Every structure is written in structure tokens, then in C-alpha cells.
Amino acid sequence: MEYRESIEDGRFREEVREWLHANRPKERRPDSFDEQRAFDRAWQQAKFDAGWAGISWPKAYGGRGLSPIQQLIWCEEYALAHCPTVSDSCWLAQNHAGPTLIARGSETQRSFHLPRILSGAEAWCQGFSEPNAGSDLASLRTRGTVDGDSLIVSGQKIWTTYAHLADYQELLVRTGSPDSRHRGLTWVICDLRSAGIDIRPIRALDGRYHNCEVFYDNVRIPLSNVVGGIDDGWSVAMTTFGFERGPATFGLLCQLAVELEDLIAGDRPHPEDDEIAFRFGVARAQVQAIRALMYQMVSADERGAEPGAEGSLMRLAFSELRQSVLRLAMDVHGPFCLNRSESRYWIGEYLDSFAETIQGGTSEIQRSIIGERLLGLPR
């Protein structure tokens, strides 16, 4: 496709660029839990105070009500300015929970949570996966039982990113019969400060604490926190996945594109062989191909289309490209990748990238969605 930036969008881009270069944090994001939480929320608050949070969100909830194209321009300039990582502890609230509430939440839920998400007062995590229900969410067992005006929740979630830094959780529980599969699930807003919740951080392969186990022991959640209705959670979860696999990936791709160019222009000597040059060229071409897909999806969004199965195209291509680029970084930097004092901790990002083709749905799941829902192939 061919995209031509309008005069108005060009002016907007310049405004974004000037503000980011003048206001981006100069210090690195810290490693400790409490310092990360404070850093992420302070940066989010700064963006909110200056009017740069929720660019395409409705004005009624603290956003600016601008176009999806302008939101994408923000993502591009944010990456080019080498701002802090896109996927911090405030990311999921803005890219999963917030958009899901805009699309499927009640007015009470939207008016309470959305302004707080944009200002950084609320961080969220996702409570979908379980030890025996990752790619097959229809088999999850965490139970929600209606008791008066509450749900009583017991069970376990795993791989819950940034649960130890979050205030709320988009939680998927089984409210139907044990064999109800996707027909008996409910999407609910869970306050992680509720009694009966135990959060246990897990140290990952890269040495950091991204994910957690979360245990629920008769946790009482108001029925007013249910999004979409009891037993309608699968439909709401599909809305969440539409945002996760599509628009939520835009900022991550823009960041990866800048990382690739930094790698090519880096101060480490490249091995003197044609293979590295060829791999650089292939990676650049793949970035441009996914960028075209990204603009195509934004154009569909401008026409009012909610993200759907097309998001799997974006998610699959991005996740495999990120792994490829970081493998390339290992070959280019060699043993220097192990140095944590470098401006970029390449080995940490490389090890973290192993999760890309699992989280948000495995590559196999994404290919099944593309085949069945987009290409019309048999199951």
C-alpha cells in the first residue's frame, strides 16, 4: 500500500518530536520493583499532564480524540526519540484493558478506570493463562462462583506479566459448568489488593522478574466488575486479543525498527562476510513489510473496524522478526552482548524474545487463526 502523510499529520509529527526530545527521561529505567513502578508511573503522568496520553482515546475519558494515524505517528516518534521501553508496567493497561473497556465495558467502568489508566494511577496485568490452560484457554479451571452481588474466585494463574507492579487485573474465570469450555467463561476486573490474593514473582531466563504466579483463595469480586456479562467472557477475551495482537504491537514494532537501525549503525565491528549484510537486508525488508501491514490496519481502524483476526498476521510476523533481529545482534556483538553496562543489554533482550512466539497466542495458534478465519481453510 502507499501512504501519504497529510499536512496536518506532518505538523502533528513535528509537535510530537519536539516534545519527546525535550521531555524524555534521561536516566535508564531502574531494575528494582519499587523503583520501576515509580519510574513507569512518573513518566506516564508526565505524558498525561502534557496531553500525550491516550491520543486516540475519547476526550470524555481523558484522551485527545485524535485519529489512529496520529496515534501511530506518536509510536514512531517515541521509538525514534529512544524513549523508555514501550512495554513497561503501564503498557498493558493502555493497550489491553483500556481499549477493551472502551469497546465492551459499562459507562461506570469506563468513567472510573480510563482516566486513571491514562494518568498512570492504575497499572494492570492479564490473568488469562494457567498451568494447564495456556494456548487452550477454553480449558481454564480458575473458578468464579456467584454469591449474592459478588463472584467468589479460587484458582491459579501463571506467566502474569508485571502482576507484582499492578493494581488491577483483566481476569478470565470459569463461571459455567466444568465442561462448558468457552461458553462458560467470564471476563472480570480484579482488584489485586483484594484479600485472598498471593502474587509470587518468577525469575526469568534473562535474570529479571517479568512474570508471576497469582493464587486466588476465595477472593470476593463485585459483580459490577464483570465486563460483558456472566458467561460472555470468551467474546470479551476475543476483543482483548484483537487489540493485543494488532494495535498493541504497533509501538513494539516501531521500537524494534529503531533497534535494528541502531544495530546496523553500531560501534561494534560487523563480521566481514556477506551473510551478515544479507541478514541486515532481509530484516530491513521485513520491517518495511510489517510497517505496511500496520498502516493498512490503521486505515481499517479509521473506517471504524474493530481489530479482528487480521491482528494475528501482525502478531505472528512481529514475534518471529524480533527473535530474528536479536539472534542477529548476538552474531554481530559476540561476547560484548554479555555486558550489562552497555547502553543496550542485548543478551537480556535476546533471552526475553524466546517468549515472543508464545505470549499472546503461540505461532501455531496464530497460523491456525489466519488459516481458518482469513483464508477459509478447514479446521
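Everything below is about the structure printed above this text.
Residues numbered from 1 in each chain as written. Predicted model: local features only at pLDDT ≥ 70, side-chain atom pairs only at ≥ 80, totals over all residues. Heavy atoms only, no water.

With respect to the overall build of the protein
Phase 1 of the analysis: Looking only at helices and strands, the protein features eleven helices and eight strands.
Phase 2 of the analysis: Computed over the C-alpha atoms, the radius of gyration of the protein is 21 Å, within 12% of the 21 Å expected from 2.2 N^0.38 for a compact globule of 379 residues.
Phase 3 of the analysis: Along the three orthogonal principal directions, the C-alpha set of the protein runs to about 70 × 50 × 45 Å.
Phase 4 of the analysis: Within the protein, the proportion of its 379 residues that are buried is 50%.
Phase 5 of the analysis: Accessible surface for the protein amounts to roughly 17,400 Å². Of this, 51% is attributable to carbon and sulfur atoms.
Phase 6 of the analysis: The averaged location of the 53 negative side-chain charges in the protein is 2 Å from the averaged location of its 41 positive side-chain charges. (Helix = DSSP H or I, 4+ residues; strand = E, 2+ residues; numbered from the N terminus. Rg over C-alpha atoms; globule rule 2.2 N^0.38 Å. Buried < 20%, exposed > 50% of the residue type's maximum accessible area, 1.4 Å probe, protein only. Areas by Shrake-Rupley, 256 points an atom, 1.4 Å probe, with all protein chains shown as cover. Lys, Arg positive; Asp, Glu negative; His and termini not counted. Charge placed at Lys NZ, Arg CZ, Asp CG, Glu CD.)

A short note on the packing of aromatic side chains
Phase 1 of the analysis: In total, this model carries eleven aromatic pairs according to the counting rule given.
Phase 2 of the analysis: Look at Phe-33 and Tyr-209: their rings are 5.6 Å apart centre to centre, the planes differ by 85°, and that puts the pair in the edge-to-face class. Note that Phe-33 is positioned in helix 2 (residues 33-49) and Tyr-209 in the loop between strand 6 (197-202) and strand 7 (211-222), a separation of 176 residues in sequence.
Phase 3 of the analysis: With a centroid separation of 6.3 Å and an interplanar angle of 35°, the aromatic rings of Trp-43 and Tyr-78 are classed as tilted. Residue Trp-43 is found in helix 2, and its partner Tyr-78 is found in helix 3 (residues 68-80); the two are separated by 35 residues along the sequence.
Phase 4 of the analysis: For Trp-43, a relative accessible area of 4% corresponds to the buried category.
Phase 5 of the analysis: Members of the aromatic cluster, connected to one another through ring pairs, are Phe-12, Trp-19, Trp-43, Trp-52, Trp-74 and Tyr-78.
Phase 6 of the analysis: The residue whose ring lies beneath Arg-64 is Trp-52, and the NZ or CZ to ring-centre distance is 4.7 Å.
Phase 7 of the analysis: Geometry around Phe-241 places Arg-245 over its ring, the cationic atom sitting 4.3 Å from the centre. (Phe/Tyr/Trp six-rings, centres within 6.5 Å; stacked < 30°, edge-to-face > 60°. Lys NZ or Arg CZ within 6 Å of the ring centre and 35° of its normal.)

Points about the environment of Arg-13
Phase 1 of the analysis: Secondary-structure assignment places Arg-13 in helix 1 (residues 7-23).
Phase 2 of the analysis: Expressed as a C-alpha distance, the spacing of Arg-13 and Trp-74, which sit 61 residues apart in the sequence, is 7.3 Å.
Phase 3 of the analysis: Look past the residues within four positions of Arg-13 in its chain and what remains in contact with it is Glu-5, Ile-73, Glu-76, Glu-77 and Tyr-295.
Phase 4 of the analysis: At 2.8 Å, the side chain of Arg-13 forms a polar contact with the side chain of Glu-76. (Contact = heavy atoms within 4.5 Å. Polar contact = N/O pair within 3.5 Å; in protein donor to acceptor, adjacent residues only side chain to side chain.)

Re a nonpolar patch on the surface
Phase 1 of the analysis: On the surface, Leu-313, Leu-374, Leu-375 and Leu-377 cluster together to form a nonpolar patch covering roughly 340 Å² of accessible area.
Phase 2 of the analysis: Note that Leu-374 resides in helix 11 (residues 363-374).
Phase 3 of the analysis: The exposure class of Leu-374 is partly exposed, given its relative accessible area of 31%. (Patch = residues over 30% accessible without salt bridge, like charges linked within 9 Å, V, L, I, M, F, W, Y side chains within 5 Å. Salt bridge = Lys/Arg side-chain N within 4 Å of Asp/Glu carboxyl O.)

Structural notes on the side chain of Arg-315
Phase 1 of the analysis: Position of Arg-315 relative to the elements: it lies in helix 9 (residues 310-333).
Phase 2 of the analysis: On the basis of relative accessible area, Arg-315 is assigned to the buried category, the value being 5%.
Phase 3 of the analysis: Discounting chain neighbours no more than four positions away, the residues touching Arg-315 are Arg-245, Thr-249, Leu-252, Glu-356, Gln-359 and Gln-366.

Things to note about the nonpolar core
Phase 1 of the analysis: Counting 77 residues, the largest nonpolar core has Leu-20, Trp-124 and Trp-187 as its most contacted members.
Phase 2 of the analysis: Broken down by element, the residue count for this core peaks at eleven residues, all from helix 7 (residues 248-264).
Phase 3 of the analysis: Core analysis: the second largest hydrophobic core is formed by 17 residues, Cys-125, Leu-151, Ala-166 and Val-226 among them. (Core = buried A, V, L, I, M, F, W, Y, C linked by side-chain atoms within 4.5 Å.)

Some details on the state of the cysteines
Phase 1 of the analysis: Here the structure, examined in full by the defined rule, presents zero disulfides.
Phase 2 of the analysis: Unpaired in this structure, Cys-125 has its nearest cysteine sulfur neighbour in Cys-212, at a distance of 7.7 Å.
Phase 3 of the analysis: Take Cys-212: its relative accessible area is 0%, and that puts it in the buried class. (Disulfide = S-S within 2.5 Å.)

Some remarks on helix 6 (residues 233-245)
Phase 1 of the analysis: The first and last C-alpha atoms of helix 6 sit 18 Å apart over 13 residues, in line with the 18 Å expected at 1.5 Å per residue.
Phase 2 of the analysis: Most of helix 6 is tucked away, with ten of its 13 residues classed as buried.
Phase 3 of the analysis: Within helix 6 the residues assigned to the buried category are Gly-233, Val-236, Ala-237, Thr-239, Thr-240, Phe-241, Gly-242, Phe-243, Glu-244 and Arg-245. (Expected span 1.5 Å × (residues − 1).)

Here's the deal with helix 1
Phase 1 of the analysis: For helix 1, which comprises 17 residues, the first-to-last C-alpha distance of 25 Å matches the rise-based estimate of 24 Å (1.5 Å per residue) to within 8%.
Phase 2 of the analysis: Asp-9, Phe-12, Arg-13, Val-16, Trp-19 and Leu-20 are the residues of helix 1 that are buried. Considered in projection along helix 1, the buried side chains sweep an arc of 140° and stay on one side of the axis. Counted as exposed and oriented over 90 degrees from the buried face of helix 1: Ile-7, Arg-11, Glu-18 and Ala-22. (Arc of directions from axis to C-beta.)

Observations concerning unusual backbone geometry
Outside of glycine, negative phi angles account for most residues, and trans bonds account for most peptide bonds.
Phase 1 of the analysis: In this structure, Tyr-162 is a non-glycine residue whose phi angle is positive, near 60°.
Phase 2 of the analysis: In this structure, Tyr-162 sits in the loop between strand 3 (150-157) and strand 4 (168-174).
Phase 3 of the analysis: On the accessibility criterion, Tyr-162 (11% relative accessible area) is buried.

Details of the environment of Tyr-209
Phase 1 of the analysis: For Tyr-209, a relative accessible area of 34% puts it in the partly exposed group.
Phase 2 of the analysis: Each C-alpha atom of the pair Tyr-209 and Ile-7 lies 44 Å from the other, and the pair is 202 residues apart in sequence.

What about the pattern of salt bridges?
Phase 1 of the analysis: Within this structure, the stated rule accounts for 24 salt bridges.
Phase 2 of the analysis: The residue Glu-14 makes a salt bridge to Arg-17 at a minimum N-O spacing of 3.2 Å. Placement of the pair is Glu-14 and Arg-17 together in helix 1, with a separation of three residues, close to one helical turn.
Phase 3 of the analysis: On the basis of relative accessible area, Glu-14 is assigned to the partly exposed category, the value being 38%.
Phase 4 of the analysis: Of the residues examined, Arg-17 reaches a relative accessible area of 30% and is grouped as partly exposed.
Phase 5 of the analysis: With a shortest N-O distance of 3.3 Å, Arg-291 and Glu-76 are connected by a salt bridge. Within this pair, whereas Arg-291 is found in helix 8 (residues 274-302), its partner Glu-76 is found in helix 3, the two being separated by 215 residues in sequence.
Phase 6 of the analysis: On the basis of relative accessible area, Arg-291 is assigned to the partly exposed category, the value being 22%.
Phase 7 of the analysis: Ionic contacts of the salt-bridge type, sharing partners, join the residues Glu-5, Arg-13, Glu-14, Arg-17, Glu-76, Glu-77 and Arg-291 into one network.

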